[in-house]
Amino acid sequence: CVQMPPSKNEVVGLIGRLSLDDGAFEDIALPLTGISVKAEAVDFIAEVKVSQCYHNPRSLPLEVTYHFPIDFEASVCAFQAEYEDGTIVKGMVMERKQAKKEYEEAITHGKQANLLESERRDVLTLKVGNLPANGFVKISLTYITSLKAQDDAMAFVLPTCVAPRYTPPSSTMTEEEATAVAPPYSSVKMVG
């Protein structure tokens with residue numbers, strides 16, 4: 001992943017929830033430390049691979065959640081989480097209840113686990129369980145999407161955030177975090 005400079009004013013990244021001694025919770029944002037995007041387009045169809053790197057600066061393992069925007073017409077075809085220790089967790093499609101059960105069992109037993117679910121057609125929710133203390137994780141998501149004709153070119157749109165008004169109701173995002181979100185997409189016009 002391309003390394004990004006730290007930002008003092010933006011909240012970007014995985015959202016973790018710490019359980020405090022008094023039974024309350026503290027939400028924390030883990031920093032996005034790098035990103036890479038690779039897109040290949042052929043005949044108005046694009047295969048897009050987005051990789052994002054995150055760091056857990058805490059001294060204990062965390063379970064974190066991230067709402068990941070994708071194109072409305074996209075179909076996910078691969079998911080992978082690569083941890084600093086070399087562990088690679090690859091996604092498998094399974095029934096929602098079974099996936100949740102296996103995820104919960106894995107994190108209960110201290111294993112690194114991930115759960116990627118579709119909130120809506122254009123929003124995925126990723127849970128990363130047992131992200132190691134002071135550790136890094138590289139999340140890679142590959143999807144296929146159709147491109148639109150625009151003038152005499154193809155139009156490629158890369159969603160970059162879930163805008164506050166589209167944040168799912170179950171989100172743990174605070175109002176401050178929601179207002180720090182960037183515009184909902186970036187676009188590139190491909191001439192050809």
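The rules behind these values
Residues numbered from 1 in each chain as written. Predicted model: local features only at pLDDT ≥ 70, side-chain atom pairs only at ≥ 80, totals over all residues. Heavy atoms only, no water. Helix = DSSP H or I, 4+ residues; strand = E, 2+ residues; numbered from the N terminus. Buried < 20%, exposed > 50% of the residue type's maximum accessible area, 1.4 Å probe, protein only. Polar contact = N/O pair within 3.5 Å; in protein donor to acceptor, adjacent residues only side chain to side chain. Contact = heavy atoms within 4.5 Å. Salt bridge = Lys/Arg side-chain N within 4 Å of Asp/Glu carboxyl O. Phe/Tyr/Trp six-rings, centres within 6.5 Å; stacked < 30°, edge-to-face > 60°. Lys NZ or Arg CZ within 6 Å of the ring centre and 35° of its normal. Expected span 1.5 Å × (residues − 1). Arc of directions from axis to C-beta.

Its location among the elements puts Ser51 in strand E4 (residues 45-55). Here Ser51 falls in the buried class, since its relative accessible area comes to 3%. Among the polar contacts listed, one links the side chain of Ser51 to the side chain of Ser140, at a separation of 2.8 Å.

Glancing now at the side chain of Gln112. Residue position: Gln112 is located in the loop between helix H1 (96-108) and strand E8 (113-120). For Gln112, the side chain forms a polar contact with the side chain of Thr87, separated by 3.5 Å. Look past the residues within four positions of Gln112 in its chain and what remains in contact with it is Tyr83, Asp85, Thr87, Val89, Gly129, Asn130 and Pro132.

So, on to the pattern of salt bridges. Under the defined criterion, the tally for this structure stands at 4 salt bridges. Where Glu117 meets Arg96, a salt bridge forms, and the shortest distance between an N and an O atom there is 3.0 Å. Here Glu117 is found in strand E8, whereas its partner Arg96 is found in helix H1, with 21 residues between them in sequence. The buried category is assigned to Glu117, whose relative accessible area is 14%. Taking the shortest distance from any N to any O, the salt bridge between Lys100 and Glu117 comes out at 3.6 Å.

The subject of this paragraph is the packing of aromatic side chains. Across all of its chains, the model carries 2 aromatic pairs by this definition. The structure contains a cluster of three or more aromatic residues connected by ring pairs, namely Tyr54, Tyr66 and Phe68. Sitting over the ring of Phe72, Arg121 keeps its end group 4.3 Å from the ring centre.

Glancing now at H1. A rise of 1.5 Å per residue sets the reference length of H1, with its 13 residues, at 18 Å; its end C-alpha atoms lie 18 Å apart and thus fit the reference within 8%. Listing the buried residues of H1 in full gives Ala99, Tyr103, Ala106 and Ile107. Relative to the axis of H1, the buried residues are bounded by an arc of 90° and lie together on one face. Every exposed residue of H1 that faces more than 90 degrees away from the buried side is listed here: Lys97 and Thr108. Buried residues along H1 sit in contact with strand E5 (62-69), E8 and strand E9 (123-131). The backbone nitrogen of Lys97 lies 3.1 Å from a side-chain oxygen of the residue at the head of H1, namely Glu95. The first or second residue beyond H1 is Gly110, which carries a positive phi of 80°.

In short, shape yes, function no, at least from these values alone.
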